[in-house]
Each structure stands twice: as structure tokens, then as C-alpha cells.
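# Remarks on the overall topology
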Amino acid sequence: NAGVMQNPRHLVRRRGQEARLRCSPMKGHSHVYWYRQLPEEGLKFMVYLQKENIIDESGMPKERFSAEFPKEGPSILRIQQVVRGDSAAYFCASSPPFGTDTQYFGPGTRLTVL
Amino acid sequence: AQSVTQPDIHITVSEGASLELRCNYSYGATPYLFWYVQSPGQGLQLLLKYFSGDTLVQGIKGFEAEFKRSQSSFNLRKPSVHWSDAAEYFCAVVTAAGNKLTFGGGTRVLVKP
């Protein structure tokens, strides 16, 4: 049973470009979470999605950031017009569809904005 | 809102010595508590979790943690550390509603030979 998959593992963008980060949850998991880890800091929640629905986006910056989890395909975290402060590690986690349960993390995407 | 505090930013321990990492949480009801480990450049691996029941929880890699409601703590312990335990450790809490994890700031563990 494959774990949570994220790609790319490393992404370099210039200021003003767009970044797209992909996350495929574990098989059988329908809940996806995105977290951001800034340098030398802990992880901060960004958004919680189920298939075709955003459940909680209280941690998402108000501008330039969006997330989706379509019926088919991976979850996408999209950052438009990136700035240097967006440089961070972005982690995706998934959990099963029922009850409160453990979140399993992917390896992360490390975004560097030049 | 819930919060998690890990008072120790860095801990250095000799190989073979015991290790204890502190975690304090702030939450009105009984929280669900987790410890994750992150090796350099890697994702997070779950060490153990506490939902209810026995307050002493066993995890992988020889780790255990004890939930103490009176102290709002969930400290992680290992009797004898190995060089491979050098990593960053994160304590986290989730509400009974079961969505977002709130993480502590992490404790970086260095293991001396």
C-alpha cells in the first residue's frame, strides 16, 4: 500500500511565477490536508479538503493561494505570483473517511523562490 | 484555540542514554495527541498516538509517551537512544472534530557518540 505521494519533491520558481504542488493520498483515504513548514519553524495547517469540497481553509493566506481536490486525480496546492516568503516545505497528509484518525504525511515539496 | 508547547528547542544526548522530550498542550476537552519524527529533508513519520484509555502509550522504535491530564502534558521517552534517533520531534494535537493538527515548535535531538 503506497504512502502519500507528493510531487515534485523540489521546485524552484522565480518571483512572480506560479507554483503547483500535487498530492496523491493513500489508497482508501478521502481526506487531504496541507501544511506549510517555514525555515526553522514547526508545521502550520493551511487547508483541509475532501473530494470536491474545501472543508476548512482557515490557515490559507487570503491571496494567491488556492487548493482543490477533484473527483479524479491528485489534490493541487496552487500558489500564484510567488514571492520569496513563500519558500518553504509544503506537506500533504491524508486520513481515512470515517471518524477522527491519524494523518499520514507525504515526503513534502520544498519550494524555493529566487 | 488549542496550542502545543515544546519547551526544549534542542537536546543533546549521548548514545545509550535515556531521552525525554516535553510537550504541553492547551485545550478545553480531552485532546487527541500525537508524536511525529522528522529526519533531515524528510517527511513526518508517526511515532505514537493517544486517543483514550491507557495513559501510557507504546510506539515504534522503542518510544513511549505518557498522557497526564492534570499537567496537560504528553511527554515522549526512550530508555536508550541510538544514533539513528537524531532528528526533529514534533508533538501535535487534534480536536475531537478531527481535522487540523496543531503542532508544537519541535525539539531537535542530537546524539553524541
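This text goes with the structure placed above it.
Residues numbered from 1 in each chain as written. Chains lettered and ligands numbered in written order. Predicted model: local features only at pLDDT ≥ 70, side-chain atom pairs only at ≥ 80, totals over all residues. Heavy atoms only, no water.

### A short note on the sheet that holds strand 8 (residues 75-79) of chain A
All names here are of chain A. Operational definition: Being paired, for any two strands, means DSSP has found at least two bridges between them. A run of H or I in DSSP becomes a helix once it reaches four residues, and a run of E becomes a strand once it reaches two; helices and strands are each numbered from the N terminus. The angle between two axes is taken between their N-to-C directions and runs from 0 to 180 degrees, where each axis is a line fitted to C-alpha atoms and a helix contributes only its stretch in contact.
One open sheet accounts for four strands, arranged 1-3-8-7; its pairing is antiparallel. The sheet is open, and its two edges are formed by strand 1 (5-7) and strand 7 (65-68), each paired on a single side. Taking each pair of neighbouring strands and ignoring which way they run, the sheet shows an average axis angle of 15 degrees. Both strand 3 (residues 19-24) and strand 8 contribute to a ladder of five bridges, which runs antiparallel. Residue pairing across strands places Arg 20 opposite Arg 78, the latter belonging to strand 8.

### Considerations on the side chain of Thr107(B)
Residues and elements named next belong to chain B. Rule in force here: We call a residue buried when its accessible area falls under 20% of the maximum for its residue type, exposed when it is over 50%, and partly exposed in between, using a 1.4 Å probe and counting protein chains only. Residues adjacent in sequence count toward polar contacts only when both atoms are side-chain atoms; beyond that, a polar contact is any pair of N or O atoms within 3.5 Å, and within protein one must be able to donate a hydrogen and the other to accept it.
Within the secondary structure, Thr 107 is located in strand 12 (residues 107-112). Of the residues examined, Thr 107 reaches a relative accessible area of 1% and is grouped as buried. Within the structure, Thr 107 has its side chain in polar contact with the side chain of Gln 6 (distance 3.4 Å).

### Section: the packing of aromatic side chains
What counts, and what does not: When two rings of Phe, Tyr or Trp (its six-membered ring) have centres within 6.5 Å they constitute a pair, described as stacked for plane angles under 30 degrees, edge-to-face for angles over 60, and tilted for the intermediate range.
Applying the stated criterion across every chain yields a total of 15 aromatic pairs over all chains. Their ring planes at 70 degrees and their centres at 5.9 Å tell us that Tyr35(A) and Phe45(A) sit as a pair that is edge-to-face. Of this pair, Tyr35(A) sits in strand 4 (residues 31-37) while Phe45(A) sits in strand 5 (residues 43-50); the two residues are 10 residues apart in sequence, bridging distant segments of the chain. By the burial criterion, Tyr35(A) is buried, and Phe45(A) matches it. Each ring, one from Tyr50(B) and one from Phe67(B), has its centre 4.6 Å from the other, and the planes form 25 degrees; the classification is stacked. Placement of the pair is Tyr50(B) in strand 6 (residues 44-50) and Phe67(B) in strand 8 (residues 64-68), with a sequence separation of 17 residues. A relative accessible area of 4% places Tyr50(B) in the buried class. Given a relative accessible area of 4%, Phe67(B) falls into the buried group.

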